[in-house]
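Structural characterization, general
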Amino acid sequence: LLLFYSVCICLICLYIINFYISYIPHHKYNWYVARFFIEYNLEFHSTYMGIWIGIAILFLIHLILLLKSNMYKFFLLFMIILLFSTLLILNTRMALYSLIIILIVNAFLFFDKRQKIYVLLTSLFFSILIISLTNRYKDDFSFLKENTLKKSERYPIYKCSLELTKGH
């Protein structure tokens, strides 16, 4: 059942990647415009798709750890790369970072020292890849460099959440 779910999500991801490639003349590699075209034309929100993809990636990683056959592992790794590519196209950075955090926690709980180092290096590589490939972080960093955090439109939300958490 987990594999069937992951295969279905991979098929949706193939459709999204194909749509992204076919719309290159319209969005011209602008991440925001591409995401808008994908969400508008395919009629889903990329945050929810990011959650579905993240769950599929976790299932596939679990299957890779259980299987003995290298051929199946190669196929599942290809599926993970496809899913990860779609997360980059959809520019769902929080889903990507959530996956990295979950992998690091699992590495420290269940892996030996060599495997922990491998997971940490892979996580660091993916974090750098996410930061370098998404335009959203460039905009965030330039905003913080030029303005204070209090000028952010999300500042009231963060402040209210902090006060509620403290119990004031």
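Residues numbered from 1 in each chain as written. Predicted model: local features only at pLDDT ≥ 70, side-chain atom pairs only at ≥ 80, totals over all residues. Heavy atoms only, no water.

Considering the layout of surface pockets
Heads up, the condition is: The definitions used throughout rest on a 1 Å grid laid over the protein atoms alone, on which a cavity is an enclosed set of points accommodating a 1.4 Å probe that cannot get out and a pocket is an open set flanked by protein within 12 Å on both sides along at least five of seven lines; lining residues are those having an atom within 4 Å of a point. Grid points are joined across faces, edges and corners, and a volume is the space filled by probe spheres set on the points. Strands here mean DSSP runs of E at least two residues long; helices mean DSSP runs of H or I at least four residues long; both are numbered from the N terminus. Here the term charged refers only to Asp, Glu, Lys and Arg, the term nonpolar to Ala, Val, Leu, Ile, Met, Phe, Trp, Tyr, Cys and Pro, and the term polar to all other amino acids, Gly among them.
The calculated volume of the largest pocket comes to roughly 930 Å³. Along the walls of the largest pocket sit 25 residues, with I61, L103, Y118, V119 and T122 positioned nearest its centre. Looking at the lining of the largest pocket, the element that brings in the most residues is helix α7 (residues 113-133), giving seven residues. Partitioning the lining of the largest pocket into residue classes produces 17 nonpolar, six polar and two charged.

Section: the packing of helix α3 (residues 31-42) against helix α5 (residues 70-90)
Put simply, the test is: Fitted lines through C-alpha atoms serve as axes, helices being fitted only where they are in contact, and the angles separating the N-to-C directions of these axes extend from 0 to 180 degrees. Note on terminology: angles under 35 degrees are roughly parallel, angles over 145 are roughly antiparallel, angles of 65 to 115 are roughly perpendicular, and the others are oblique. Here, residues are in contact when the closest pair of their heavy atoms is within 4.5 Å.
Packing of α3 against α5 brings their axes to within 8 Å, and their N-to-C directions diverge by 105°. Of the possible angle classes, the one that applies to α3 and α5 is roughly perpendicular. Residues W31, R35 and I38 of α3 form the contact with α5, whose own contacting residues are L88, I89 and L90. A per-class count over the contact of α3 with α5 returns five nonpolar, no polar and one charged.

A closer look at the confidence of the model for the chain
In low-pLDDT regions, the fine details of the predicted coordinates are not to be read closely. Formally: On a range of 0 to 100, pLDDT expresses the predictor's confidence in each residue.
In the predicted model, the chain carries a mean pLDDT of 79, and 88% of its residues have values of at least 70. Least confident of the elements in the chain is helix α8 (residues 135-146), whose mean pLDDT is 67; most confident is helix α1 (residues 2-22), at 91.

Considerations on the pattern of salt bridges
Let me state the cut-off plainly: Salt bridge criterion: a side-chain nitrogen from Lys or Arg within 4 Å of a carboxyl oxygen from Asp or Glu.
Following the criterion strictly, the structure yields one salt bridge and no others. A salt bridge links R35 to E39; the nearest nitrogen and oxygen atoms lie 3.1 Å apart. In this pair, R35 and E39 are both assigned in helix α3, four residues apart and thus about one turn of the helix distant.

Considerations on the packing of aromatic side chains
The line we're drawing: Paired rings are identified among Phe, Tyr and Trp, the last through its six-membered ring, by centres lying within 6.5 Å, and are further divided according to the angle between planes into stacked (under 30 degrees), edge-to-face (over 60) and tilted (the rest). Categorising residues by exposure relies on relative accessible area from a 1.4 Å probe, with only protein chains included: less than 20% of the type maximum marks a residue as buried, more than 50% marks it as exposed, and the intermediate range marks it as partly exposed.
The final tally for this structure, using the stated rule, is five aromatic pairs. Between Y23 and F37, the ring centres sit 5.2 Å apart and the planes meet at 55°, which makes this aromatic pair tilted. In this pair, Y23 is assigned in the loop between α1 and α2 (24-27) and F37 in helix α3, connecting sequence segments 14 residues apart. Judged by relative accessible area, which is 23%, Y23 ranks as partly exposed. Ring geometry for F36 against Y40: centres 5.7 Å apart, planes inclined by 15°, an arrangement best described as stacked. In this pair, F36 and Y40 both sit in helix α3, four residues apart, roughly one turn of the helix.

Topic: the environment of F4
Looking at the secondary structure, you find F4 in helix α1. The sequence separation of F4 and A56 amounts to 52 residues, and the corresponding C-alpha distance is 9.7 Å.

Some thoughts on the environment of A107
Relative to the helices and strands, A107 is located in helix α6 (residues 93-110). Sequence separation of A107 and L120 is 13 residues, and the distance between their C-alpha atoms is 8.2 Å. Setting aside chain neighbours within four positions, we find A107 in contact with K116 and V119.

Description of α3
In an α-helix there are 3.6 residues to a turn, and that puts residues three or four apart on one side. This is how it is decided: Expected span, for any helix, means 1.5 Å times one less than how many residues it has. Each C-beta atom gives one direction from the helix axis, and the arc is the one those directions make.
The terminal C-alpha atoms of α3, which comprises 12 residues, lie 16 Å apart, in line with the 16 Å expected from a rise of 1.5 Å per residue. What α3 keeps buried is the set W31, A34, R35, I38 and L42. Angularly, the buried residues of α3 cover 100° about the axis, an arc narrow enough to put them on a single face. Phi turns positive, to about 60°, at E43, one or two residues after α3.

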